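Single-letter residue listing:
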Amino acid sequence: MKHIFQKGTDSQKPVLLLLHGTGGDEQDLLPLSQLISPGSSVLSVRGNVSENGMPRFFRRLREGVFDEEDLIFRTKELAEFLDQSAEQYGFDRNNIVAVGYSNGANIAASLLFHFEHSLKGAVLHHPMVPRRGIDLPNLANTPIFIGAGEQDPICRPEETEELTNLLKGADADVHLHWEPGGHQLTQTEVNEASTWFKKNF
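So, here's what we can say about the structure. (Residues numbered from 1 in each chain as written. Predicted model: local features only at pLDDT ≥ 70, side-chain atom pairs only at ≥ 80, totals over all residues. Heavy atoms only, no water.)

**Things to note about the sheet that holds strand 3 (residues 42–45)**
Within the open sheet, the 7 strands sit side by side as 1-3-2-8-9-10-11. Their pairing is mixed. In this open sheet, the two edge strands, each paired with only one partner strand, are strand 1 (3–6) and strand 11 (173–179). Between one strand axis and the next, the sheet turns through 10° on average, direction left out of account. Pairing of strand 1 with strand 3 involves 4 bridges; the strand directions are antiparallel. (Pairing = 2+ DSSP bridges. Helix = DSSP H or I, 4+ residues; strand = E, 2+ residues; numbered from the N terminus. Axes fitted to C-alpha atoms, helices over the stretch in contact; angles between N-to-C directions.)

Structure below.
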């Protein structure tokens, strides 16, 4: 997978896995890493799927409807890439925290849904429920931040609540932060994520 790895100054801090939104790339969320956890190593990944020239992490059938088969395949692909990257760059595979926005937050949530211990924690900006009707792995001691917009037309508030409840049902420690706006990522939401991160890691 196309990616950027930046070695941090503090090897004890979690490695930040940065996952962009639709149409973004591995450069997009680099500024976030400095706001959330300066000193952390960063692994920023570009999605392997193209939708009309826009990078994504998995296919969708239409807005809000995921291609479930491709989602499962791409989630496994990303999990295996993390294993390889930990070996290649010499970081602790069990010390990765995902920071994802929109489509990137969805693939991060899918990692949590499908693979036990895939992530030490996650910052999910405007995620949706990746899959329904499956048993989640035990997510005890996994802190998760969810940032959501009260007026988000893509990820409606009831979907945010559903995802929160599913994660809590798997014993994850979920912090849900609401913004008054829509799907855009705001400075106040990032600041809230940064404060949360420092308390949990």
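**Quick word on helix 4 (residues 157–169)**
With 13 residues, helix 4 should reach 18 Å at 1.5 Å per residue; the first-to-last C-alpha distance of 18 Å fits that figure. All buried positions along helix 4 are accounted for by Glu-159, Thr-160, Leu-163, Thr-164 and Leu-167. With its buried residues spanning 140° around the axis, helix 4 presents them on a single face. Exposed and facing more than 90 degrees away from the buried side of helix 4 are Asn-165 and Gly-169. Where helix 4 terminates, the next one or two residues include Asp-171, which has phi positive at roughly 75°. (Expected span 1.5 Å × (residues − 1). Buried < 20%, exposed > 50% of the residue type's maximum accessible area, 1.4 Å probe, protein only. Arc of directions from axis to C-beta.)

**Topic: the pairing of strand 10 (residues 143–149)**
Across the 7 residues that make up strand 10, a large majority, 7, are buried. Here strand 10 shows a buried face lined by Pro-143, Phe-145, Gly-147 and Gly-149 and a second buried face lined by Ile-144, Ile-146 and Ala-148. Of the strand pairs in this sheet, strand 9 (residues 121–125) and strand 10 are connected by 4 bridges, and their pairing is parallel. Opposite Ala-122, over in strand 10, you have Ile-144 as the bridge partner. Pairing of strand 10 with strand 11, which is carried by 7 bridges, proceeds in the parallel orientation. In the strand pairing of strand 11, Pro-143 is matched with Asp-173. As for the winding sense of the linkage, the β-α-β connection from strand 10 through helix 4 to strand 11 is right-handed. (Right-handed = clockwise from strand over helix to strand, strands pointing away.)

**Quick word on the nonpolar core**
The nonpolar side chains of a soluble globular protein tend to be buried, and buried together. Counting residues in each nonpolar core, the largest one holds 39 residues, and the members touching the most others are Leu-17, Leu-19, Leu-43, Leu-119, Leu-124 and Leu-167. Every element with two or more residues in this core is listed here: strand 2 (15–19), strand 3, helix 2 (68–89), strand 8 (96–101), helix 3 (103–114), strand 9, strand 10 and helix 4. By residue number, the principal contributor to this core is helix 3, which donates 7 residues. Residues in contact with Leu-124, not counting those within four places in the same chain, are Gly-100, Ala-105, Ala-108, Ala-109, Ile-144, Phe-145, Ile-146 and Gly-147. Ranked by size, the runner-up nonpolar core spans 16 residues in total, among them Leu-32, Val-42, Val-97 and Phe-197. (Core = buried A, V, L, I, M, F, W, Y, C linked by side-chain atoms within 4.5 Å. Contact = heavy atoms within 4.5 Å.)

**A short note on the pairing of strand 9**
Counting buried positions over the 5 residues of strand 9 gives 5, a clear majority of the element. On strand 9, burial covers both faces: Gly-121, Val-123 and His-125 on one face and Ala-122 and Leu-124 on the other are all buried. Two elements, strand 8 and strand 9, share 5 bridges in a ladder whose sense is parallel. If you follow Val-97 over to strand 9, its bridge partner there is Gly-121.

**Focus on the packing of helix 2 against helix 3**
It is at 9 Å that the axes of helix 2 and helix 3 come closest, and there the two elements cross at 85°. One element, helix 2, and the other, helix 3, form an angle in the roughly perpendicular class. Packed against helix 2, whose contacting residues are Leu-71, Ile-72, Arg-74, Thr-75, Leu-78, Ala-79 and Leu-82, the element helix 3 presents Ile-107, Ser-110, Leu-111 and His-114 at the interface. Looking at side-chain class alone, the contact of helix 2 with helix 3 contains 7 nonpolar, 3 polar and 1 charged residues. (Parallel < 35°, antiparallel > 145°, perpendicular 65-115°, else oblique. Nonpolar A, V, L, I, M, F, W, Y, C, P; charged D, E, K, R; others polar.)

**Re the side chain of Ser-118**
Its location among the elements puts Ser-118 in the loop between helix 3 and strand 9. Among residues more than four places away in sequence, those in contact with Ser-118 are Leu-82, Arg-93, Leu-111 and Leu-112.

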